[in-house]
Amino acid sequence: MKELAIRTCLGVASPGGESALSILIYHRVLRQADALVFELPDAATFERQMIALRSNFDVIPLADAVQALRDGNLPRRAACVTFDDGYADNFTIALPILKRHGIPATFFIAAGFLDGGCMWNDLVIESVRQTQAASLDLPSLGIAPMPTVSVADRRRALVQFIGALKYQPIDARDGHVQELVERCGTRVPDGLMLTSEQVRQLAAEGMEIGGHTMRHPILTRIGLAQARAEIVEGCARLKAICGRPVRFFAYPNGQPVDDYGQEHVGLVRALGFEAAVSTGWGAARTGDDLYELPRFTPWGTTSIAFKLRLLQNLVRSRFRLPPPPLPELQ
């Protein structure tokens, strides 16, 4: 009875036609749960979510959803699945689950980290995870020593470090991260990001490959010319790998105003992309700017919790209510 009630409510909140499109955003799918980054789903959780999504939504490719938004004929309970950054587990773990349940997805890839790269935030995560010290600090950023004895301690330290580093200029940020890596004796993860061949195979499986810059900079923290170069170079590399145009773009980090501005929206439009997605919360409807489509992350380790999060997003979006609080690392 509860399942039927939720499905009925989802249909009311997402009636099709001109509204509403739910675009889900993922980054990684882990083989096993990780208490240090508990917001990332493991394989079993992700599969439960995809089963619930397929049984309650009309899951369509992003290209079809964009066209339906233009035409005002979205299917009822329309949804898309997207991934950001380009982690190898998108191919090794997520792809088999997506294929098993017939779910299309779009993978927005920061091309500069392919074939053995590692993003700065993952270096921080692994430094905090691997440190043998009882505390860590970053005095140059005003972070006093923080205990790293328990997993909970390390999680709090991780949140502080990520928050302090995220909006630093790229060179300064990378310098701080390298200092942390050296102090902690961090073993840099091997094979964390996709290879070019895995990207090629994702495309061959019918998945959409989207642009996400080369090095994942916060666009508001770099000049417009540099932003353009990051976007163009990243997409050129992906096109060379896949042999097809890159039609869609995801703004790095993706929060409107803080992470990208209207000048970047105009740039993406001028570069010829068909649409772009943010991490601004909500559900899309006809008339929304196709170059700022909202997305959200539906946490919930059980099927019911997952579907309630989807319903909450639709209802809050429909009535223009403020978003719920996000996990600290999002």
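Above this text sits the structure in question.
Residues numbered from 1 in each chain as written. Predicted model: local features only at pLDDT ≥ 70, side-chain atom pairs only at ≥ 80, totals over all residues. Heavy atoms only, no water.

Trainee: Any chance you could explain the pairing of strand β6 (residues 143-147) here in plain terms?
Mentor: Note on strand geometry: in a regular strand, side chains alternate between the two faces of the sheet. Pairing between strand β5 (residues 135-138) and β6: three bridges, direction antiparallel. Paired with L138 across the bridge in β6 is I143. Taking the residues that link successive antiparallel strands as the turn, the β5-β6 hairpin has four residues, and the phi of G142 there is positive, at about 80°. (Pairing = 2+ DSSP bridges. Helix = DSSP H or I, 4+ residues; strand = E, 2+ residues; numbered from the N terminus.)

Trainee: How should I be thinking about helix α7 (residues 170-184) in this particular structure?
Mentor: Two residues of an α-helix separated by three or four positions point the same way, owing to the 3.6 residues in each turn. Taking 1.5 Å of rise per residue, 15 residues should cover 21 Å, and α7 covers 21 Å from first to last C-alpha, within 8% of that figure. Looking only at α7, the buried set comprises I170, R173, H176, V177, L180, V181 and C184. Viewed end-on, α7 has its buried residues packed into an arc of 140°, placing them on one side of the element. Projecting away from the buried face of α7 at angles above 90 degrees are the exposed residues D171 and E182. (Expected span 1.5 Å × (residues − 1). Buried < 20%, exposed > 50% of the residue type's maximum accessible area, 1.4 Å probe, protein only. Arc of directions from axis to C-beta.)

Trainee: Sorry if this is basic, but what is going on with the environment of R318 here?
Mentor: Mapped onto the fold, R318 is located in helix α11 (residues 303-318). Note on R318: relative accessible area 41%, which makes it partly exposed. Expressed as a C-alpha distance, the spacing of R318 and A13, which sit 305 residues apart in the sequence, is 7.5 Å.

Trainee: When you look at the packing of helix α2 (residues 43-56) against α11 in this model, what are you seeing that I'm missing?
Mentor: In the contact formed by α2 and α11, the axes pass within 9 Å of each other and the chain directions differ by 55°. Judged by the inter-axis angle, α2 sits oblique to α11. Seen along the crossing, α2 lies across α11 with a hand that is right-handed. On the side of α2, the interface is formed by Q49, A52, L53 and N56, while α11 contributes S303, F306, K307 and L310. Looking at side-chain class alone, the contact of α2 with α11 contains four nonpolar, three polar and one charged residues. (Axes fitted to C-alpha atoms, helices over the stretch in contact; angles between N-to-C directions. Parallel < 35°, antiparallel > 145°, perpendicular 65-115°, else oblique. Left-handed = near helix turned anticlockwise from the far one by under 90°. Contact = heavy atoms within 4.5 Å. Nonpolar A, V, L, I, M, F, W, Y, C, P; charged D, E, K, R; others polar.)

Trainee: Before we go on, may I ask you to explain α11 in this structure?
Mentor: The end-to-end C-alpha separation of α11 is 23 Å, in line with the 22 Å expected for 16 residues at 1.5 Å each. For α11, the set of buried residues is F306, K307, L310, L311, N313, L314 and S317. For α11, the arc enclosing every buried residue in end-on projection is 155°, short of the 170-degree limit, so these residues lie on one face. Against α1 (2-13), β1 (19-26), α2 and β10 (284-285) lie the buried residues of α11.

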